Each structure stands twice: as structure tokens, then as C-alpha cells.
Amino acid sequence: LRKGVPPVGHVQRFTVGRESELDQLSRSLSSPSDGVGSALLVQANYGAGKTHLLNLIREMALSAGYAVALVTMDSAGGVRANRMDQVFGAICRAIEVPGASKGIGGILDLVVSRGSQSESSREWDQLSDAGRWSISDYLASSAMFLATRAWAHRDQQTRRLIVDFLSNPESYKTDRKTLYNELVFKLPNQIRDPRSEHQFYKDGHFIFSDRGYEQSWQALGDLDKLARIARLKGVVLLVDEFEDVVQNLNNRNYQQAAFVNLFRFFEGRRFPGMSYFAVTPDFISKCKNELMKRQVYEFPVERFDKLASFSMSKVQSKDLVELAKRIREAHAAAYEWDAQSAFEDEDIVLLVGGLAKRSSQDQTRQAIVGIVEHLDSLLDENA
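About the criteria used
Residues numbered from 1 in each chain as written. Predicted model: local features only at pLDDT ≥ 70, side-chain atom pairs only at ≥ 80, totals over all residues. Heavy atoms only, no water. Pairing = 2+ DSSP bridges. Helix = DSSP H or I, 4+ residues; strand = E, 2+ residues; numbered from the N terminus. Axes fitted to C-alpha atoms, helices over the stretch in contact; angles between N-to-C directions. Salt bridge = Lys/Arg side-chain N within 4 Å of Asp/Glu carboxyl O. Buried < 20%, exposed > 50% of the residue type's maximum accessible area, 1.4 Å probe, protein only. Core = buried A, V, L, I, M, F, W, Y, C linked by side-chain atoms within 4.5 Å. Contact = heavy atoms within 4.5 Å. Left-handed = near helix turned anticlockwise from the far one by under 90°. Nonpolar A, V, L, I, M, F, W, Y, C, P; charged D, E, K, R; others polar. Parallel < 35°, antiparallel > 145°, perpendicular 65-115°, else oblique. Lys, Arg positive; Asp, Glu negative; His and termini not counted. Polar contact = N/O pair within 3.5 Å; in protein donor to acceptor, adjacent residues only side chain to side chain. pLDDT = per-residue confidence, 0-100. Arc of directions from axis to C-beta.

Regarding the sheet that holds strand β2 (residues 67-72)
Pairing is parallel in the open sheet, where 5 strands are placed in the order β2-β3-β4-β1-β5. The open sheet has two free edges, formed respectively by β2 and β5 (309-311), since each of these has just one partner strand. Across the sheet, the mean angle from the axis of one strand to that of its neighbour is 20 degrees, orientation sign disregarded. Pairing analysis gives 6 bridges linking β2 to strand β3 (residues 235-240), with the strands arranged parallel. Its bridge partner being in β3, Val68 is matched across the sheet by Val236.

Notes on the pattern of salt bridges
For the structure on display, the rule yields 27 salt bridges. The partner of Arg195 in a salt bridge is Asp193, and the shortest N-O contact between them spans 2.8 Å. Exposure remark for Arg195: the relative accessible area of 14% places this residue in the buried category. Assessed through its relative accessible area of 16%, Asp193 is described here as buried. Salt bridges sharing partners connect three or more residues here, namely Arg154, Asp155, Glu182 and Lys186.

A short note on the nonpolar core
Grouped together as the largest cluster of nonpolar side chains are 82 residues, with contacts concentrated most on Leu127, Leu166 and Phe242. It is helix α10 (residues 210-229) that provides the largest number of residues to this core, a total of 8 residues. Those residues in contact with Leu127 that lie beyond four places of it in its chain are Val111, Trp133, Ser136, Tyr138, Leu139, Phe145, Thr148, Leu226 and Ile229. Judged by nonpolar contacts, the second largest core, of 23 residues, contains Ala339, Phe343, Ile348 and Leu378.

As for the packing of helix α12 (residues 252-267) against helix α13 (residues 283-293)
When two helices pack together, their arrangement is given by the angle between the helix axes and by the axis-to-axis distance. Packing of α12 against α13 leaves a shortest axis separation of 11 Å and a crossing angle of 145 degrees. When you trace α12 past α13, the crossing you get is left-handed. Along the contact surface, α12 presents Gln255, Gln256, Phe259 and Leu262, while α13 presents Phe283, Cys287, Glu290 and Leu291. A per-class count over the contact of α12 with α13 returns 5 nonpolar, 2 polar and 1 charged.

A few points about the packing of helix α4 (residues 104-114) against helix α6 (residues 142-153)
Look at α4 against α6: their axes get within 10 Å of each other, and the N-to-C directions meet at 65 degrees. Accordingly, the angle class assigned to the pair α4 and α6 is roughly perpendicular. As for the relative orientation of α4 and α6, their crossing is right-handed in sense. Residue-level inspection shows Gly105, Leu108, Asp109, Val111 and Val112 of α4 in contact with α6, the latter providing Thr148, Trp151 and Ala152.

Let's talk about helix α8 (residues 176-185)
For α8, the set of buried residues is Leu179, Tyr180, Glu182, Leu183 and Val184. Summarising the contacts, the buried residues of α8 are in contact with α6, α7 (156-167) and α9 (197-202).

Topic: the environment of Val71
Relative to the elements of secondary structure, Val71 occurs in strand β2. Remark: the alpha-carbon pair of Val71 and Cys92, spanning 21 residues in sequence, is separated by 9.7 Å. If near-sequence neighbours (up to four positions away) are discounted, Val71 is found in contact with Ala90, Ile91, Ala94, Leu237, Leu238, Val239 and Asp240.

Structural notes on the pairing of strand β4 (residues 274-279)
Every other side chain in a regular strand lies on the same face of the sheet, so the side chains alternate between the two faces. With 6 of its 6 residues buried, β4 lies for the most part within the structure. Residue alternation in β4 divides its side chains into two sets, Met274, Tyr276 and Ala278 and Ser275, Phe277 and Val279, and both sets are buried. Where β3 meets β4, 4 bridges bridge the pair, whose relative direction is parallel. Counted as the bridge partner of Leu237 is Ser275 from β4.

Regarding the side chain of Glu59
Position of Glu59 relative to the elements: it lies in helix α2 (residues 50-64). Although Glu59 is buried, it forms no salt bridge, and the closest oppositely charged side chain is Arg58 at an N-O distance of 4.5 Å. Side-chain polar atoms of Glu59 contact the backbone nitrogen of Gln12, separated by 3.0 Å. Discounting chain neighbours no more than four positions away, the residues touching Glu59 are Pro7, Val8, Gly9, His10, Val11 and Gln12.

Brief notes about the confidence of the model for the protein
Scored by pLDDT, the protein has a mean of 90; 97% of the residues are at 70 or more. Element-level mean pLDDT values for the protein span from 76 in helix α1 (residues 19-30) up to 98 in helix α3 (residues 84-94).

Comments concerning the environment of Ala140
As for its placement among the helices and strands, Ala140 is situated in the loop between α5 (121-128) and α6. By relative accessible area, Ala140 is classed as partly exposed at 47%. As for Ala140 and Phe185, which are separated by 45 residues in sequence, their C-alpha atoms are 22 Å apart. Excluding its chain neighbours within four sequence positions, the residues that come into contact with Ala140 are Gln218 and Asp222.

Quick word on α5
The periodicity of an α-helix, 3.6 residues per turn, causes residues three or four positions apart to be oriented the same way. Trp124, Leu127 and Ser128 are the residues of α5 that are buried. Considered in projection along α5, the buried side chains sweep an arc of 85 degrees and stay on one side of the axis. Buried-residue contacts for α5 involve α4, α6 and α10. Once α5 ends, the next one or two residues include Asp129, with phi positive near 55 degrees.

Right, here's the structure in full:
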């Protein structure tokens, strides 16, 4: 809070105002999709709470029983929006399920532990070929099927390999022999996969970047299926800094591919879960201007105007007063002192009134910093 940022896991507690927006988000999470995904542009200026809102959605979705992945686009850091293998890997690294540590292993653990139970037995039988585990068409991605099958039948060392493979698929393009040995050859004798070793290589079962990143999209859709076998409601994807496409992705072909990927999320056919993209209010105009600047006239720019969006309203002074009261309560609990007597409601109104007059895009963050600083000084006076 001293840095102006609510701590992870407590974002809802320190979110005030914007009741209509929060109600809309809550409704979107209360009715999970059935095979068709949905997406939303979350629009707000820099410093005005986009990342805060994504973290809030994260908490709401986890509480509602979803698997959640919050990823940040970063062309320089190896998460480029035109490279769906990189995006899929980042999702596998970031994905969370309620009550488990971060990473793809959490979902796979739940799939194996809950899959054969009555609530998921039908889907589990389809996935496992009624326990034979030979070949299954339930998952679209052969890599996801091979990983899930090996997760159910191999040791912890192989499971660590699976996590690394799915989290960094591009690193294994030249190490397919290791993947075949660990995920196929060393399986128990009762599992008979009819495909030859050569066929695994020839058909690209371990490759996520071929054929227009087809397997990356398939595996992303399979994550939602696996989440449902694990008796979760599905997968919620949160994407921060998608503006990186305009700012840092300098190759125009890469930019266009990234825009097409964005459209595919909004079409809802490739990824059946829910996606939220944090952008600034002028994101669409930036995209169009970028294409015009590069003299790309054949791109279907009209599709940008059809993207569903969600604009955040400005936090009001009364909301900051409520926020100050919550911070006061947390400060009192942290340092075991009577903060309410030292910092009464009337004092809060006066302090917030002064803080609210500051002209700043990140007004809420600066207000949190100012409130904590004031409480710290009062605590020192009362020591």
C-alpha cells in the first residue's frame, strides 16, 4: 500500500466506486460460456487502473471457480502477440487454480485427481479412451493429450519436464527425442500408442509454431476443456499491456498477425474461455493510424470498431474517502493501534479533499500513498 498498490489477494478489499462496472464484470463471470468464448477491451488511461482492474478480475474469477492466467505482452521479453506459441507458454507459466501454486501443473493435478470422479467421469472417459489411453480425440492438441497422459502415469521428474515443455514450447523444437522418450516410450506397458516414433516427428506432435500456430490455438482451447474436467468453470485470460503491439512490435507483418490474433479471441471460436485485454481509450485509433502510417490499406480495419469494450469511470472523492477508511482499518490491524481515534472520519474527508485536487492520471495510486504516509506520521506521533 505504501507504493499505492493493493497487495495481491486483497485487491477486492481496496477497490472502491465503479459499482456498475464491477456488477457488469461479476455478471460476465456468473454465466460461463459453453464452447464459445467472449472477449472485452478494458479501456483506461495509463495509471488509471487497468492493471488494478485485471487483478480485481483475477480475484473475482478465482473466487468464482475459474482457472485464471494474467499475462503481460512484452516483445522484448519474449511474449509477442503475433507468436501464439509464446503466448501459450506465458499462459501456462501464469495460470492459477484456486488453492494451488501458479503454473500448468496445478490444472493437470486437478484433472488427474478429479477426472475419474462421478462429476467428470464422462469427459474423463472421452479423454482417456475409457482408461486405455491409446489415442483420444477429446483434446484437439496432440501435445496436450500426450502431456496429460504422461502426467497421469509418470513420475515427478517427467512432470517437471512437462511443465517446462508446455511453459516454454519453443525451447523444445530441437529436442523432440527427449519428449518422445519421456512422454511416450517410457509409459507403462499397458498403454499401447499405435503411432511410430517417426510419425510423432513427421506429424509435428510436439511443435507449437507450425501451420499458423495451429497447435498453440488448439492447446489453448484444450486448457478450457481440462479446466472443466477438473470441475472448474473454465479459463479466464487476462492480458496486460497489449498496447505493446503498437509500441514495440516494429515489423508490420508481425503487427498484422497480432491484430488478427486479437480478432480471433473476440470471435470466440478458437478459445472458448473469457478474455480481457487492458488498453488505453485510444487503442483502436492507434492501431488504425499505425496501419495507415505503414501504408497497409488492405487490412480490415473496420473489425476494430466491432470489438466489445468496457470503459472505466473515474474514481470520485467519496470513493477515495471509503478507500481511506479501509486503509485506516488495515493500518490499525498491522500496527495494533487506535488509528480511528487519531484519524477520524472528518480528518479523512479533509485529507482526501486535498489529495483529490492533485492533477494526476494515477490519482488513486497517489491518494493511497498519501493516506498511508499520513497514517505513518500519526502513528509516530502516538508512539
